[in-house]
Protein chains: 2
Amino acid sequence: MKEYERLFTEYLEARSQRLTQPRRLILEAVFSLHDHFDVEQLYHRLRIHNEEVSRATIYRTLPLLVESGLIQHSLRQADRDFYEHILGHPQHLHWICRKCGTVVETSLDMVLPLINKVASQQRFQIEDYQLNLRGLCWKCADNENENQ
Amino acid sequence: MKEYERLFTEYLEARSQRLTQPRRLILEAVFSLHDHFDVEQLYHRLRIHNEEVSRATIYRTLPLLVESGLIQHSLRQADRDFYEHILGHPQHLHWICRKCGTVVETSLDMVLPLINKVASQQRFQIEDYQLNLRGLCWKCADNENENQ
DNA sequence: CAATAAAGTGAGATTGATTCTCAATAAAGG
DNA sequence: CCTTTATTGAGAATCAATCTCACTTTATTG
Ligand SMILES: [Mn+2]
Ligand SMILES: [Mn+2]
Ligand SMILES: [Zn+2]
Ligand SMILES: [Zn+2]
């Protein structure tokens, strides 16, 4: 049994909830993706593999995965919420191009200790890191200059 | 003439746009607020002062203020976009309590040089800083423990 | 293996922030 | 004034996210 299955089961059982078939399918899909995803992408990913789960169930399951610490809501783009699994993934910065939508990740190693220090100083329990920089990637910046 | 008026006028004129009465009212309201605000708050702020501007115009003006560098879209909370004016305000971190909604700001002085360095390395033009940490403030964390 | 209770699901309706449309109005420049 | 161009307001439209509720799974018990 994979670790994320064990953790999710534990989380659910502690609250008298069940690891049902739809939830298991969503969990597997989430960990099969290695990129940021939104509900629509997850929905189609499941359909492609003939694993039909309703959108409503996806919308209901994502908060459970967030609460259990397996995924994180880390971006908002094009009026949609994007998630990514975080189990085993170090926190990072997101560089989001407002024009082409590309998302680049860079290390937070230099910064995380400082952030955690501030957190403990004010006794703040961090649940989600949303450390996002929006602007123009170099390609799109070059294009804007060309076309004035 | 205040600096933000001058800057906004310059921005508009460079694009053959006009500093109209509604836009001027919105601009003044934005700089009269010293906190994060959303469209609804701005709308009511204006109404209170008998300065009626339609929501549509507010929604149309905010992107202009963002583009001109006077304000920033820095938070999303309770399904709403929140802005704050940034002219003369140093960038900062946001600590957002998911339970009571409180937003605390802390300095970015230690971190900003590192971020800017990474930005120039990858030639990324930053337009908005959305450096947000979500979780529980100490008060809400204490409450959760009390009530198990 | 039923039978029962509790938790979960899917389809479709609903909500609500944001965007769009378009006729009417305001600003700029002669 | 007059003309041109930009802007506005009211209400309709959009669409991600949430909610409702009858039906289905799952777990438990005898
Ligand atoms: Mn990421
Ligand atoms: Mn702020
Ligand atoms: Zn780009
Ligand atoms: Zn709180």
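Structure: see above.
This write-up is about the structure you can find in this document.

Conventions used here
- Residues numbered from 1 in each chain as written.
- Chains lettered and ligands numbered in written order.
- Predicted model: local features only at pLDDT ≥ 70, side-chain atom pairs only at ≥ 80, totals over all residues.
- Heavy atoms only, no water.
- Donors = N, O, S within 2.8 Å, 3.2 Å for Na, K, Ca; no water.
- Tetrahedral: all angles 85-135°; square planar, octahedral: opposite > 155°, others 65-115°.
- Helix = DSSP H or I, 4+ residues; strand = E, 2+ residues; numbered from the N terminus.
- Buried < 20%, exposed > 50% of the residue type's maximum accessible area, 1.4 Å probe, protein only.
- Phe/Tyr/Trp six-rings, centres within 6.5 Å; stacked < 30°, edge-to-face > 60°.
- Lys NZ or Arg CZ within 6 Å of the ring centre and 35° of its normal.
- Least-squares fit on C-alpha atoms with pLDDT ≥ 70 in both.
- Contact = heavy atoms within 4.5 Å.

**A word on the coordination of the manganese ion (ligand 1)**
Residues and elements named next belong to chain A. All of the protein donors around the manganese ion (ligand 1) are H36 (NE2), E84 (OE), E84 (OE), H92 (NE2), H94 (NE2) and E105 (OE); their distances to the metal are 2.1 to 2.6 Å. In this structure, the manganese ion (ligand 1) is surrounded by six donor atoms whose angles at the metal cover 53 to 169°, and the resulting shape is irregular. All donor residues of the manganese ion (ligand 1) come from one chain, and their arrangement in sequence is H-x47-E-x7-H-x1-H-x10-E. Linking H36 in the loop between α2 (21-32) and α3 (39-48) with H92 in strand β3 (residues 92-97), this pair joins segments that are 56 residues apart in sequence. Take H36 and H92: they sit in the same class, and that class is buried.

**Examining the packing of aromatic side chains**
Residues and elements named next belong to chain A. Evaluated as defined, the whole model comprises eight aromatic pairs over all chains. For the pair F8 and Y11, a centre-to-centre distance of 6.4 Å together with 5° between the ring planes defines the contact as stacked. Here the residue F8 and the residue Y11 both occupy positions in helix α1 (residues 3-13), the gap between them amounting to three residues, near one helical turn. A residue is classified by how much of its surface remains accessible, and F8, at 0% relative accessible area, is buried. A relative accessible area of 13% places Y11 in the buried class. Taking the ring centre of Y43 as reference, the NZ or CZ of R55 above it sits at 4.0 Å.

**Details of the coordination of the zinc ion (ligand 4)**
Residues and elements named next belong to chain B. Those protein atoms acting as donors to the zinc ion (ligand 4) are C97 (SG), C100 (SG), C137 (SG) and C140 (SG), and they sit at 2.2 to 2.4 Å. One can describe the site at the zinc ion (ligand 4) as tetrahedral: its four donor atoms subtend angles covering 104 to 116° at the metal. Written as a sequence motif, the donor arrangement for the zinc ion (ligand 4) is C-x2-C-x36-C-x2-C. Of this pair, C100 sits in the loop between β3 (92-97) and β4 (103-107) while C137 sits in the loop between β5 (125-136) and α6 (138-146), placing them 37 residues apart in sequence. You can call C100 partly exposed: its relative accessible area is 42%. The buried category is assigned to C137, whose relative accessible area is 15%.

**Examining the relation of the copies chain B and chain A**
Mapping chain B onto chain A leaves a residual RMSD of 0.0 Å; the transformation is a rotation of 180° accompanied by 0.0 Å of translation along its axis. Seen this way, the second copy is the image of the first under a two-fold rotation axis. Taking the C-alpha atom as reference, chain B places L131 of chain B closest to the rotation axis, 2.1 Å from it. An overlap of 100% is found between the interface residues of chain B and their copies at the interface of chain A, pointing to a shared contact surface.

Any functional reading would require information beyond the geometric quantities listed.
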